[in-house]
Amino acid sequence: MRESNDPRDEVENVSSGDECDSSSESDSEGGDSINGFDKTDPFASRARILHPALALNHSIDADIDPELFNSFFATEAFKAWSSGTRSWQLHCYGDPGSGKTTLAAVVAQRLAQRGDAVASISIIGHVKSTSLAFVEDLMQSMHNQIGNQSSDEFAAYQTACSEGHPITERIKRLSAAISSSHSTKHLILDGYDLINPALQRVLDTELYLLQHHSLKVLLTRRVPAFCTPTNPACDICDEEELNTWWVCRKCREDGKEFWLCYPCKEKLNSDCRNCKNAVSFEEDYEHVNVKVGGMGQGLENLARERLKGYFGDVEDETLQMVVEYVHSKAAGNITLTLLYLEEIFAWGDLSTFDPVRIDDRLPRDVIAFFDAEMKIIDQLNDTERHTTMLAIAAAATTDDGVPLTELEECVRLAMPAPPDIDSPRSLEDVFQAANGWL
Ligand SMILES: [Zn+2]
Ligand SMILES: [Zn+2]
Ligand SMILES: [Zn+2]
């Protein structure tokens, strides 16, 4: 077991201190003077270091079998997104420890193996400052991975750095440099909700612009973006609650709605059965949500293999009991599965394994995992923390959660009267502050 308590540490993140030396390369170029002033910005000559919250996300934990994610790769949403022809972002959401960082690394590896340009970035710490430096560094890391280092646009960015142009202009030039290559490129961004909401909006805007220049974006996040549920039903086969769909633009202009699921669209050969117009279908949404997880069987197999590997020959009955014990505790969570396995390895002898005795106390590492998480909530300000803790406590009183009206009543108790600026204004605020624990 590694010492780190950080649950995001599922993957060894390769830190990349040498990412940002580009600004120092152009030191010698900007030496001419205007009105006696040196054009070179003295602050720009120092080699910049990458934002501490950013890391490349390439390596895949040897404990984790990429096959675990096969059900994710089989989803219509992933297949469509990875075809590189779609306009929307793919948002992969899941509980803390559900394997999002590993999934992101596995996706990046698959795309790279197929020869695609991929930038794979993990956000490994909370980004609290609203300084645009984070956005610049993130985009520079993207450019390092998928951009052309010798393009005129990138040279213009380097000049802007060495001459100390404003950061908004530098970001604009970086954006131009990234979009200067016209081929399809991918950004896999892990840990989106560690970015503060203000910078999320800035980043959203930058990514949206790049998406018009063949950038395909996949995000991982704990809490899916809040939106009104409008998932339509297919007008051909009546399949309901579609996660991905096509809508006819011509019909919509005429005040009618005509929706299609993917399989029906394929069968129709792109003619609208309603208005008989060809090629008028579009996907009128900005992102598609897919839940990470649902790999219960895969995790049971992983637990069985690792137990066999550690203890050698084990009676089938004992093995099955231990596997079921781990499964009942970890509830499909990769990180918890691995933590409980560690605890069982520490037990030493499977023939004396006793679920009741091991249950007496939560395994140390499991406690550490929850502790680290609660510390994050601890760092919120008073109002946010009280509402969040109350909401989690209220939701935890029963196994299947509480109705939202009841949740609101509990949360209202915690709010200062009159409400202050940090009081939640919507359910979204409460869920966001709870950071995946609701
Ligand atoms: Zn949405
Ligand atoms: Zn259909
Ligand atoms: Zn139509």
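Residues numbered from 1 in each chain as written. Chains lettered and ligands numbered in written order. Predicted model: local features only at pLDDT ≥ 70, side-chain atom pairs only at ≥ 80, totals over all residues. Heavy atoms only, no water.

The chain has the name Nephrocystin 3-like N-terminal domain-containing protein in an unreviewed UniProt entry, where Massariosphaeria phaeospora is given as its organism.

A. View of the overall build of the chain. Check the secondary structure of the chain and you find 18 helices and 11 strands. Partitioning the intrachain contacts of the chain with sequence separation of at least 6 by distance along the chain shows that 73% fall at a separation of at least 24. For the chain, the exposed surface amounts to about 22000 Å²; the carbon and sulfur share of it is 51%. (Helix = DSSP H or I, 4+ residues; strand = E, 2+ residues; numbered from the N terminus. Contact = heavy atoms within 4.5 Å. Areas by Shrake-Rupley, 256 points an atom, 1.4 Å probe, with all protein chains shown as cover.)

B. Inspection of empty space enclosed by the protein at higher detail. Enumeration according to the criterion identifies two cavities of 30 Å³ or more in this entry. Estimated volume of the second largest cavity: approximately 40 Å³. Contributing to the lining of the second largest cavity are Leu299, Glu300, Ala303, Val323, Val326, His327 and Thr337. Counting only elements with at least two residues in the lining of the second largest cavity, the list comes to helix H11 (296-311) and helix H12 (316-330). A breakdown of the residues in the lining of the second largest cavity according to their chemical character gives four nonpolar, two polar and one charged. (1 Å grid on protein atoms, 1.4 Å probe; cavity = no way out; pocket = protein on both sides within 12 Å on 5 of 7 lines; lining within 4 Å. Points joined across faces, edges and corners; volume = space filled by probe spheres on them. Nonpolar A, V, L, I, M, F, W, Y, C, P; charged D, E, K, R; others polar.)

C. Spatial organisation of helix H5 (residues 133-146). Helix length check: H5, at 14 residues, gives a terminal C-alpha distance of 20 Å against a target of 20 Å (1.5 Å per residue), a fit within 8%. Counting buried positions along H5 yields 11 of 14 residues, so the element is predominantly enclosed. Residues Phe134, Val135, Glu136, Asp137, Leu138, Met139, Gln140, Ser141, Met142, His143 and Ile146 constitute the buried set of H5. (Expected span 1.5 Å × (residues − 1). Buried < 20%, exposed > 50% of the residue type's maximum accessible area, 1.4 Å probe, protein only.)

D. The environment of Ser214, seen in detail. As for its position among the elements, Ser214 is in the loop between helix H8 (197-211) and strand S7 (215-221). For the pair Ser214 and Thr85, spaced 129 residues apart in sequence, the C-alpha separation works out to 8.5 Å. When neighbours within four sequence positions are excluded, Ser214 is seen to be in contact with His182, Ser183, Thr184 and Lys185.

E. Region of the structure containing the sheet that holds strand S8 (residues 246-248). Across the sheet, three strands lie side by side as S9-S8-S10; this open sheet has antiparallel pairing. Strands with a single pairing partner mark the edges of an open sheet, and in this sheet they are strand S9 (259-260) and strand S10 (281-282). (Pairing = 2+ DSSP bridges.)

F. Summary view of the sheet that holds strand S5 (residues 117-123). One open sheet holds the six strands; their spatial order is S3-S5-S6-S7-S4-S11, and the pairing between them is mixed. Strands with a single pairing partner mark the edges of an open sheet, and in this sheet they are strand S3 (54-56) and strand S11 (287-291). If you compare each strand with its neighbour and ignore which way they point, the axes differ by 20° on average. Both S3 and S5 contribute to a ladder of three bridges, which runs antiparallel. When the sheet's bridge partners are listed, Leu54 is paired in S5 with Ile123. Of the strands in this sheet, strand S4 (89-93), S5, strand S6 (185-190) and S7 are in contact with helix H4 (residues 100-113), which crosses S6 at around 165°. (Axes fitted to C-alpha atoms, helices over the stretch in contact; angles between N-to-C directions.)

G. Inspection of the packing of aromatic side chains at higher detail. In total, this model carries 12 aromatic pairs according to the counting rule given. Seen from the ring of Phe73, Arg110 lies directly overhead, with NZ or CZ sitting 3.8 Å from the centre. (Phe/Tyr/Trp six-rings, centres within 6.5 Å; stacked < 30°, edge-to-face > 60°. Lys NZ or Arg CZ within 6 Å of the ring centre and 35° of its normal.)

H. Representation of the pairing of S5 in the model. Burial runs high along S5: six of the seven residues are buried. As paired strands, S5 and S6 are joined by six bridges and run parallel to one another. Bridging across to S6, Ala117 finds its partner in Lys185.

I. Geometry of the coordination of the zinc ion (ligand 2). Protein ligation of the zinc ion (ligand 2) involves Cys234 (SG), Cys237 (SG), Cys261 (SG) and Cys264 (SG), the donor distances falling in the range 2.3 Å. Counting along the primary sequence, the residues that act as donors to the zinc ion (ligand 2) give the motif C-x2-C-x23-C-x2-C. Of this pair, Cys234 sits in the loop between S7 and S8 while Cys264 sits in helix H10 (residues 262-268), placing them 30 residues apart in sequence. (Donors = N, O, S within 2.8 Å, 3.2 Å for Na, K, Ca; no water.)

J. A look at the nonpolar core. Grouped together as the largest cluster of nonpolar side chains are 62 residues, with contacts concentrated most on Phe72, Trp81, Leu90, Val107, Ile188, Leu307 and Ile344. Element by element, the count of residues in this core is highest for helix H13 (residues 334-347), at eight residues. Once you skip the residues sitting within four places of it in the chain, Leu90 turns out to touch Phe72, Ala77, Phe78, Trp81, Val217, Leu218, Leu219, Val288 and Val290. Residues Ala119, Phe134, Ile171 and Leu194 belong to the second largest nonpolar core, which totals 32 residues. (Core = buried A, V, L, I, M, F, W, Y, C linked by side-chain atoms within 4.5 Å.)

K. Up close: unusual backbone geometry. Non-glycine residue Ser214 carries a positive phi angle of around 65°. Classification of Ser214 by relative accessible area gives partly exposed; the value is 22%. With a phi close to 50°, Glu241 is a non-glycine residue in the positive phi region. Relative to the helices and strands, Glu241 is located in the loop between S7 and S8. Residue classification places Glu241 among the exposed residues on the basis of a relative accessible area of 63%.

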